[in-house]
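# Breakdown of the fold
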Amino acid sequence: MDASSYPRYTGTAIALHWLIALLLLGQFAFGLMLEDIPRGTPARGYYVNLHKSSGILIGLLILLRLGWRLTHRPPPLPASMPAWQRHAARFSHIALYVCMIALPLSGYIASNVSRHGIKFFNVVRWAPWGPDDKQLYALFNGAHHLFALLLALLVAVHVLAVAKHMLIDRDGLLLRMWPRRAAAPDRTHSNLPVENR
Ligand code: HEM
Ligand code: HEM
């Protein structure tokens, strides 16, 4: 099948997929970097609040993406794909969405069952809506940690699956999620004088 006629996700779905993938990668690295900042220092409070704030914005973008996905049917999978692979793709996409939602949500809840709450971009203080409960905090913080690991694992499998499709099956699956290039101008008659076109 030629690249321009390959069935694709909508432009909005493609833009959101790549934007969110990039932002999640950065946010993941940011989270790991937090581990190196000593607890109880002003620098830690500053960077943790930045992480919380960017995480909330990414979470909202993920909700927007989920809303788009639920209202827009994805393009049909290649007919050559066996049933087990269709099921695996569906299951892994659902698992990716679950982790993408649960990760910022667990961080948000953890922040609200701690007296620290959230200081949005270190400017606006949002008072926590929950109790200051160390056990609850440990539970949601543990979930945040677990979902971060799970998401990293799922993304690794996701990328390996795409690589398999591209290199072994050679069915061009990546094109479904790749921005369409602007159509080349029709040059068939472009050398003719304007009055003869
Ligand atoms: C949007 C995607 C997010 C990603 C990919 C992400 C990723 C991470 C990672 C990898 C860590 C370090 C490992 C760990 O201890 O769990 C971390 C720590 C943390 N995250 Fe997030 N996070 C996200 C959103 C949020 C949000 C929305 C909040 C709160 C509103 C938040 C609050 C925290 C806090 C407080 C820590 C430090 C935990 C500690 O060291 O005790 N995160 N995050
Ligand atoms: C944080 C990183 C990533 C996340 C969270 C992610 C998540 C997702 C999700 C949830 C879908 C399903 C789309 C839907 O039906 O709504 C998807 C599809 C897709 N992703 Fe990713 N993705 C990531 C990175 C990547 C990377 C690096 C590649 C390229 C190697 C890639 C290639 C694709 C392709 C080709 C599809 C379409 C698959 C199909 O048509 O069945 N993704 N991605």
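So, how was this worked out
Residues numbered from 1 in each chain as written. Chains lettered and ligands numbered in written order. Predicted model: local features only at pLDDT ≥ 70, side-chain atom pairs only at ≥ 80, totals over all residues. Heavy atoms only, no water. Near = heavy atom within 4 Å. Polar contact = N/O pair within 3.5 Å; in protein donor to acceptor, adjacent residues only side chain to side chain. Helix = DSSP H or I, 4+ residues; strand = E, 2+ residues; numbered from the N terminus. Nonpolar A, V, L, I, M, F, W, Y, C, P; charged D, E, K, R; others polar. Donors = N, O, S within 2.8 Å, 3.2 Å for Na, K, Ca; no water. Tetrahedral: all angles 85-135°; square planar, octahedral: opposite > 155°, others 65-115°. Buried < 20%, exposed > 50% of the residue type's maximum accessible area, 1.4 Å probe, protein only. Patch = residues over 30% accessible without salt bridge, like charges linked within 9 Å, V, L, I, M, F, W, Y side chains within 5 Å. Areas by Shrake-Rupley, 256 points an atom, 1.4 Å probe, with all protein chains shown as cover. Salt bridge = Lys/Arg side-chain N within 4 Å of Asp/Glu carboxyl O. Core = buried A, V, L, I, M, F, W, Y, C linked by side-chain atoms within 4.5 Å. Contact = heavy atoms within 4.5 Å. 1 Å grid on protein atoms, 1.4 Å probe; cavity = no way out; pocket = protein on both sides within 12 Å on 5 of 7 lines; lining within 4 Å. Points joined across faces, edges and corners; volume = space filled by probe spheres on them.

Looking now at the site of ligand 1. Taken together, the neighbourhood of ligand 1 is formed by 24 residues, with Arg 39, Arg 44, His 51, His 144 and His 145 sitting nearest. Glu 35 is positioned such that a nitrogen or oxygen atom in its side chain is 3.3 Å from an oxygen atom of ligand 1. His 51 places a polar side-chain atom, nitrogen or oxygen, 2.8 Å from a nitrogen atom of ligand 1. Looking at the shell around ligand 1, the elements with two or more residues in it are helix 1 (11–34), helix 2 (42–71), helix 3 (83–112) and helix 4 (134–169). Sort the elements by how many residues they give to the shell around ligand 1 and helix 2 lands first, with seven residues. Its residues assigned to classes, the shell around ligand 1 shows 11 nonpolar, nine polar and four charged.

With distances of 2.0 Å, the protein atoms coordinating the iron atom of ligand 1 are His 51 (NE2) and His 144 (NE2). Every donor counted, the six donor atoms about the iron atom of ligand 1 form angles of 88 to 179° at the centre, which fits octahedral coordination. Remark: His 144 occurs in helix 4 and His 51 occurs in helix 2; sequence separation between them is 93 residues. By relative accessible area, which is 12% here, His 51 ends up buried.

Another point: the site of ligand 2. Taken together, 19 residues form the shell around ligand 2, and within it His 17, Arg 69, Tyr 97, His 158 and Arg 176 come nearest. Tyr 9 is positioned with one of its side-chain polar atoms (N or O) 2.9 Å from an oxygen atom of ligand 2. At the level of elements, helix 1, helix 2, helix 3 and helix 4 are the ones that each hand at least two residues to the shell around ligand 2.

A cluster of nonpolar side chains, Leu 57, Leu 60, Leu 63, Phe 121, Val 123, Val 124 and Trp 126, forms an exposed patch at the surface whose accessible area comes to about 640 Å². Elements represented by at least two residues in the nonpolar patch include exactly helix 2 and strand 2 (124–126). Residue contributions to the nonpolar patch peak at three residues, all from helix 2. By the secondary structure assignment, Leu 63 is in helix 2.

Let us look at the nonpolar core. Within the largest apolar cluster, 12 residues are counted, these being Leu 16, Ile 20, Leu 24, Ile 58, Ile 62, Leu 96, Tyr 97, Cys 99, Met 100, Leu 103, Ala 148 and Leu 151. Top element by residues in this core is helix 3. It accounts for five residues. Non-local contacts of Ala 148, meaning those with residues more than four positions away in its chain, are made with Phe 28 and Leu 103.

Here we take up the layout of surface pockets. As a volume, the second largest pocket reaches approximately 350 Å³. Lining the second largest pocket are 15 residues, and of these Tyr 9, Arg 69, Pro 74, Arg 90 and His 93 lie nearest its centre. For the lining of the second largest pocket, the elements supplying multiple residues, two or more each, are helix 2 and helix 3. Ranked by residue count, the leading element in the lining of the second largest pocket is helix 3, at six residues. In terms of residue class, the lining of the second largest pocket is made up of 10 nonpolar, one polar and four charged.

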